[in-house]
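Here's the letter readout for the chains.
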Amino acid sequence: MFKHFISLEWKAFTRSTSFSANLVLKILMGLGALYFIVCFAILGTAVFFILKDEGLEPLATVNKYAIYYLVGDLVIRYFFQKMPVTNIKPFLGLPIQRSIIVHFSLGKTAISFFNVLHAFFFIPFTVVLIVQGYGLQAILWHLGMMALIYSNNFINVLINNKNSVFYTLLSVVVALGLAQYYGYFDITAYTQPFFQGMYGTLYLFLLPILLAVATYYFSFDYFKKNLNLDTGLAKKSDEARTENFTWLNQFGTLGTFLKNDIKLLKRNKRSRTTVIMSFLFIFYGLLFFTNAIEAYQNPMMQVFAGIFVSGGFLFTFGQFIPSWDSAYYQLMMSQNIQYREYISSKWWLMVIGTVIATLIASFYWVFFGWQIYMLIVVGAIYNIGVNSHLVMLGGAFVKTPIDLTMANKAFGDKQAFNVKTMLIAIPKLLVPMLLYYIGYTLFSATIGFLFVAVAGVLGFAFRNYVFTKIEKIYKTEKYATIAAYKQKN
Amino acid sequence: MIQVTNLTKRYTAERTVLNIQNLDIPKGQSFGLVGNNGAGKTTFFSLLLDLIQPSTGYIKNTNVQVDSSEAWKPFTSAFIDESFLIGYLTAEEYFYFVGDLRGQNKADVDALLKKHEEFFNGEILNSKKYLRDLSKGNMKKVGIIATLIGSPEVVILDEPFANLDPTTVHRLKTIIKELAQDPNVTVLVSSHDLVHTVEVCNRIVALHLGEVVKDIQTSPETLKELEAFFAV
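The structure presented is a predicted model; accordingly, all values stated were derived computationally and were not measured.

**Student:** Hey, could you run me through the interface of chain A and chain B in this one?
**Tutor:** Many structure descriptions define interface size as the accessible area lost when the parts assemble. In this assembly, 22 residues from chain A lie in contact with 26 residues from chain B. Looking at the side of chain A that touches chain B, the elements that each hand over two or more residues are α12 (253–267), α16 (329–334) and α23 (478–485) of chain A. Looking at the side of chain A that touches chain B, the element that brings in the most residues is α12(A), giving 5 residues.

**Student:** What am I meant to see in the pairing of strand β9 (residues 203–208) of chain B here?
**Tutor:** Two faces, one strand: in a regular strand the side chains alternate between the faces of the sheet. Residues and elements named next belong to chain B. Pairing geometry for strand β3 (residues 30–35) and β9, over 5 bridges, is parallel. Residue pairing for β9: Gly35 is matched across the bridge by Leu207. For β9 and strand β10 (residues 211–217), the ladder comprises 6 bridges, and the chain directions are antiparallel. In the sheet register, Ala206 faces β10, and the bridge partner there is Lys214.

**Student:** Any chance you could explain the nonpolar core here in plain terms?
**Tutor:** Soluble globular proteins tend to pack their nonpolar side chains together in the buried interior. Judged by nonpolar contacts, the single largest core of 134 residues is most densely connected at A:Val452, B:Tyr94 and B:Leu131. Broken down by element, this core gets its largest block of residues, 15 residues, from helix α19 (residues 370–397) of chain A. Those residues in contact with B:Tyr94 that sit more than four places away from it in its chain are B:Leu85, B:Ile86, B:Leu89, B:Leu131, B:Val142 and B:Ala146. The next biggest cluster of nonpolar side chains, apart from the first, holds 29 residues, and it includes A:Leu70, A:Phe195, A:Met198 and A:Phe205.

**Student:** Even after reading the chapter, I still don't get the environment of B:Phe44, so can you show me in this structure?
**Tutor:** All names here are of chain B. The topology assignment puts Phe44 in helix α1 (residues 41–48). For Phe44, a count of 27 C-beta atoms within 10 Å gives the class buried. Remark: the alpha-carbon pair of Phe44 and Gly210, spanning 166 residues in sequence, is separated by 8.9 Å. Phe44 has contacts with Leu18 and Leu33, leaving out every residue within four places of it along the chain.

**Student:** How do you make sense of unusual backbone geometry when you look at a structure like this?
**Tutor:** With the exception of glycine, the majority of residues adopt a negative phi angle, and the majority of peptide bonds are in the trans configuration. In this structure, the amide linkage connecting A:Ile321 to the following residue, A:Pro322, adopts the cis form with an omega of 5°. Counting through the fold element by element, A:Pro322 comes out in the loop between α15 (299–318) and α16. One non-glycine residue, A:Phe245, lies in the positive phi region at around 45°. Structurally, A:Phe245 can be placed in the loop between α11 (206–225) and α12. Not every positive phi belongs to a glycine, and B:Asn126 is a case in point at roughly 55°. Tracing the chain through its elements places B:Asn126 in the loop between α4 (117–120) and α5 (136–146).

**Student:** Any chance you could explain the domain arrangement of chain A here in plain terms?
**Tutor:** Its domain assignment divides chain A into domain 1 (2–225) and domain 2 (246–485). Put simply, the middle of domain 1 of chain A and the middle of domain 2 of chain A, counted by C-alpha atoms, are 34 Å apart.

**Student:** Before we go on, may I ask you to explain the sheet that holds β9(B) in this structure?
**Tutor:** Two pairing modes exist for strands in a sheet, parallel and antiparallel, and in both the strands are linked by backbone hydrogen bonds. Residue and element names in this part refer to chain B. Reading across the sheet, the 6 strands line up as β6-β7-β8-β3-β9-β10 and stay open at both edges, with mixed pairing between neighbours. Two strands in the sheet have a free side with no partner beyond their single neighbour: β6 (76–79) and β10. Averaged over all adjacent pairs, the angle separating strand axes in this sheet is 15°, with direction ignored. Contacts from helix α6 (residues 166–181) reach β3, β7 (154–158) and β8 (186–191) within the one sheet, and its direction differs from that of β8 by about 145°.

**Student:** Would you mind showing me how to read helix α4 (residues 58–80) of chain A here?
**Tutor:** Since the α-helix turns once every 3.6 residues, residues separated by three or four places project in the same direction. Largest kink in α4(A): about 45°, centred on A:Ala66. Within the sequence span of α4(A), burial applies to A:Pro58, A:Leu59, A:Val62, A:Asn63, A:Ile67, A:Leu70, A:Asp73, A:Leu74, A:Arg77 and A:Tyr78.

**Student:** Hey, could you run me through helix α17 (residues 339–360) of chain A in this one?
**Tutor:** Residue and element names in this part refer to chain A. Its 22 residues give α17 an end-to-end C-alpha distance of 32 Å, which sits within 8% of 32 Å, the value for a rise of 1.5 Å per residue. Taken residue by residue, α17 has Tyr339, Tyr342, Ile343, Lys346, Trp347, Leu349, Met350, Gly353, Thr354, Ala357 and Thr358 as its buried positions. The elements touched by buried residues of α17 are α12, α13 (269–281), α15, α19 and α22 (463–476).

What counts as what
Residues numbered from 1 in each chain as written. Chains lettered and ligands numbered in written order. Predicted model: local features only at pLDDT ≥ 70, side-chain atom pairs only at ≥ 80, totals over all residues. Contact = placed C-beta atoms within 7 Å. Helix = DSSP H or I, 4+ residues; strand = E, 2+ residues; numbered from the N terminus. Pairing = 2+ DSSP bridges. Core = buried A, V, L, I, M, F, W, Y, C linked by C-beta atoms within 7 Å. Buried ≥ 20, exposed ≤ 12 C-beta atoms within 10 Å, placed from the backbone. Domains from an automatic or database assignment. Axes fitted to C-alpha atoms, helices over the stretch in contact; angles between N-to-C directions. Bend = angle between axes of the 7 residues up to and from the residue. Expected span 1.5 Å × (residues − 1).

Take a look at the structure:
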């Protein structure tokens, strides 16, 4: 029976439209995955020696922060790991035992990248431990840790989509983390002995293994119970409220499109994820401005940060204009819609998003001084004046249909990479960095700001020209775009 | 009125899916398009709405060539399939949106919705559901009524009778007949159902493998004629 399932999986994989369409992309994705694997492997081997050089006992330190590692893993899984429910419906009416269906689906999650990746960290680390004389008990520790990773996998299956449970858990952990950082309360004092015990004793490692088995059993049970069309597999539909946003009526056609876009952002998983990501981008600057990473201290990288902080929404939303409307693109193309106004309304939406992000980012002023905030403001001006146009130009060529109901591919969408988009990305980031650098070295930081800001304003002046160009692209690409949007992945 | 000149669509050298040398649909006609699967009905409508590119030839909608100008859009409305609905809007929001695009204010749209209240059977307005969560039949109802907003002069419906329950089919036929009687409105309907098509259309064209094989003004014998033709 499993043979059948595996053969079906293989066919689904090789016959998906994206597989045949872009081998180059698959190779790039493979390279990306390989990069992560290599990073983890190197980290696994090196962390022992790094910690030893710092004067810390390696195993004890790893155990100390293990709790955060595991929680972090769960968080990432929550957002990005796909749940195995998607294609069960066709099997329900066939003479296949339900338990086999569930075992297969759960088994599929076990070989997911999210689990395998950790092995690339832990195996080298354990090997180093053994070689360094920690003895074969390290293997027990390793088995315990891997069992915990797998428990995470099944815990995610159980709590996925239950936002209340997840966010409560997350806030508790964040609170504990902050408490530890500021020295109030150290949770790791309590958790460290447990992880250490998996190495130190001969029996403690069995506990996580039992946990893994238990979580598998619970998720199996939960899954099986929910394997019918009126409960677990039922299409979840939210209760809808008709919202008329009459305050937008004063803006005419622009208002009409803005109304739709606001509803698009509010009511769809995929677009909501974009908004959350944009919000997180605002904090990206912390990496740069807190001197946390040495490589980021030069002025060019700081401009890079300035652009990213206010540009989150612009980049994540803008690159998919008009793909957001792919599901009803045929409607948009056959109705009395002036492309100009459509493009204009999307532009205004991005501007509003950027301004809001810049305002929220004003906390940088409080904590880091006005110069840092100037970087952000100047970055925002450049974003509004130049990057908004570039992003929409790029989007006009990317013909990927977007399924608004699926949240999964929001981050690092493989289909978003194509040569044209990458080429357009260069002026988005490199040009302002260069401008600032030139101004900074030749004159002063203030002149550097001025250069970037002036570039932004100049870009703004070209708005009509760019809009006309984008309109032309929409028109020439119309047929290809409609055909591409009809592809279901 | 619709004028088709030398229209062909082919996807590969061997596969010509549509080949219509000449077809004239005068204003005010109620035009029915029938044919088996793959006959080219949806292809024809897609070409008419400039959603796909003709391989040769062109279509003129009220003297506007559809693939070179957009002037036909203000007075043309269509419902082909689900991709003409915006899934994350409620039915009312969708109607108001279409109304906005056709220069109708909220009151106008409300008046039209009130007129067709029976058609909705109480399941669509105030239903607290987004369009994506409605049943297929209800989605179709929304799409069909949306084509009536703004008194368009050309109404295109692709297989409107499919997936509708018997009562709704009856009500839909009333709606289409009403449109057919308006000399200002040209209605184009495609269908697999010969009986319904014969009832609501005053001219029927049958397509087979992309070519026009029958072009008749509807009369009492039309149904028998068509059934005989398709009973191969």
